[in-house]
Amino acid sequence: VASRCYVYAIMRSATPLTGLANGDDLQLSTVAWRDLAAVISPVDAGTFRPTAERVLQHETVVEAVRQVGSALPVRFGTILPNEGAVAQALEEHHDVLLSDLQRLGDKVEMGLTVLWDPPLEPASTPAASSDTEHAEPLPAVQRAGTRYLLGRLAEYQRENAQRARAATMAQNLDDVLAPHALDRRLSILPAPRLAVRAVYLLDPPGIEAFSEAFERLRTRYPAERYLLSGPWPPYSFVSALGPDVKSTLGRLLRDAEGLLSMPARSARP
Amino acid sequence: VSAGAPLDAKQVTLLEILDRVIDHGVYLSGDITISVADVDLIYLGLRVMLTSVERADELRGGVIPTALQEATSG
């Protein structure tokens, strides 16, 4: 059989995997090792493509499994060669997975994004006047080098100022929201147009109080645009078992920002 | 997802999901497919980004799914 095992979620082996929407269509089944089980479906790794539909399907299955019982979300695109390899992974990471399942299995996370128009006030650039202060003008190549370095310095100062403002904003948000959450992760200025991205871990009964606190926050700080999403499975809070993966979204955001802001940047001297 | 299409709730939802499922969640094996599919995911994510970040204002009054509470102020 050419198919391999696509893994969606980790749950307790005692949890019955029945009655899931589309469960039969996707041929969902479980692979158990002691008290843990992985929810899998057969996949042809040779033709697997990470499409939007695949991403949505992954999330749909994870959410459906969590309707049945406590479960941890597995990272999208996890494909193992066979059921034996799945069981081996469960065995290898058993203690961490079990601990995470106890800590997070029935928890949810809420995502918060703060969009802003980044403050673009240019830092003072003494490049133009510096040459005139010299009794003997610098050679052209040195003037160009000086201008370049001063430009870099101004950019550095501007980014620092923006980061400081975003950090203050994040602190203001966190002061209001953290009391309603079990844990949180904050990212300051992951991209120029994103002042803050935050994710908060909640007990499901706490969602309403958290949302109310968020509404108060919007009222208190109306200048920025806020996006609250969730509840999601607690993807952001599982223990790191593998290498520290550089944030794909961070790269996406930076790439997109670069493309979007090209005209403005090219207009600068 | 078309880069030229108006922003809709599905695109924003997809972006939020991408943020989670690609970089987070249980990491079981170094044999993860994402490393192979990275380019495709970047492409997919960029197309979503290009239609969502710049046009976030259009969220106002749009159809918002249950999991995504649009909270744009101003």
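Scroll up to find the structure.
Owing to the predicted nature of the structure, the values given are computational and were not obtained by experimental measurement.

A. Expanded view of helix 5 (residues 140-177) of chain A. Residues and elements named next belong to chain A. End to end, helix 5 covers 55 Å across 38 residues, agreeing with the expected 56 Å (1.5 Å per residue, within 8%). Among the residues of helix 5, those classed as buried are Ala154, Arg158, Gln162, Ala166, Met169, Ala170, Leu173, Asp174, Val176 and Leu177. Residues of helix 5 that are buried sit in contact with strand 6 (108-115), strand 7 (183-191), strand 8 (194-202), helix 6 (207-220) and strand 9 (225-232).

B. A look at the nonpolar core. Of all hydrophobic cores here, the largest spans 26 residues; its most connected members are Tyr6, Tyr8, Val55 and Val65 of chain A together with Val21 of chain B. When contributions to this core are tallied by element, the ones reaching two or more residues are strand 1 (4-12), strand 3 (36-43) and helix 1 (52-68) of chain A together with helix 1 (9-21) of chain B. With 6 residues, helix 1 of chain A is the single largest residue contributor to this core. If we skip the residues at most four places from it in the chain, tyrosine 6 of chain A touches Val39, Ile40, Ser41, Val43, Phe48, His58, Phe76, Gly77, Thr78 and Ile79 of chain A. Met110, Val114, Val176 and Leu177 of chain A belong to the second largest nonpolar core, which has 25 residues in total.

C. Just the packing of aromatic side chains, in detail. Residues and elements named next belong to chain A. According to the stated counting rule, one finds 4 aromatic pairs over all chains in the structure shown. Ring centres of tyrosine 6 and phenylalanine 76 lie 6.4 Å apart, and the angle between their planes is 65°; on these two criteria the pair is classed as edge-to-face. With tyrosine 6 in strand 1 and phenylalanine 76 in the loop between strand 4 (71-73) and strand 5 (79-80), this residue pair connects regions lying 70 residues apart in the sequence. Taking the relative accessible area as the measure of exposure, phenylalanine 76 reaches 0% and is therefore buried. Ring geometry for tyrosine 200 versus phenylalanine 210: centroids 5.4 Å apart, planes at 50°, classification tilted. Linking tyrosine 200 in strand 8 with phenylalanine 210 in helix 6, this pair joins segments that are 10 residues apart in sequence. Looking at phenylalanine 210, the relative accessible area reads 0%, which means it is buried. Within the aromatic cluster, the residues linked to one another by ring pairs are Tyr6, Tyr8 and Phe76.

How each quantity is defined
- Residues numbered from 1 in each chain as written.
- Chains lettered and ligands numbered in written order.
- Predicted model: local features only at pLDDT ≥ 70, side-chain atom pairs only at ≥ 80, totals over all residues.
- Heavy atoms only, no water.
- Helix = DSSP H or I, 4+ residues; strand = E, 2+ residues; numbered from the N terminus.
- Expected span 1.5 Å × (residues − 1).
- Buried < 20%, exposed > 50% of the residue type's maximum accessible area, 1.4 Å probe, protein only.
- Contact = heavy atoms within 4.5 Å.
- Core = buried A, V, L, I, M, F, W, Y, C linked by side-chain atoms within 4.5 Å.
- Phe/Tyr/Trp six-rings, centres within 6.5 Å; stacked < 30°, edge-to-face > 60°.

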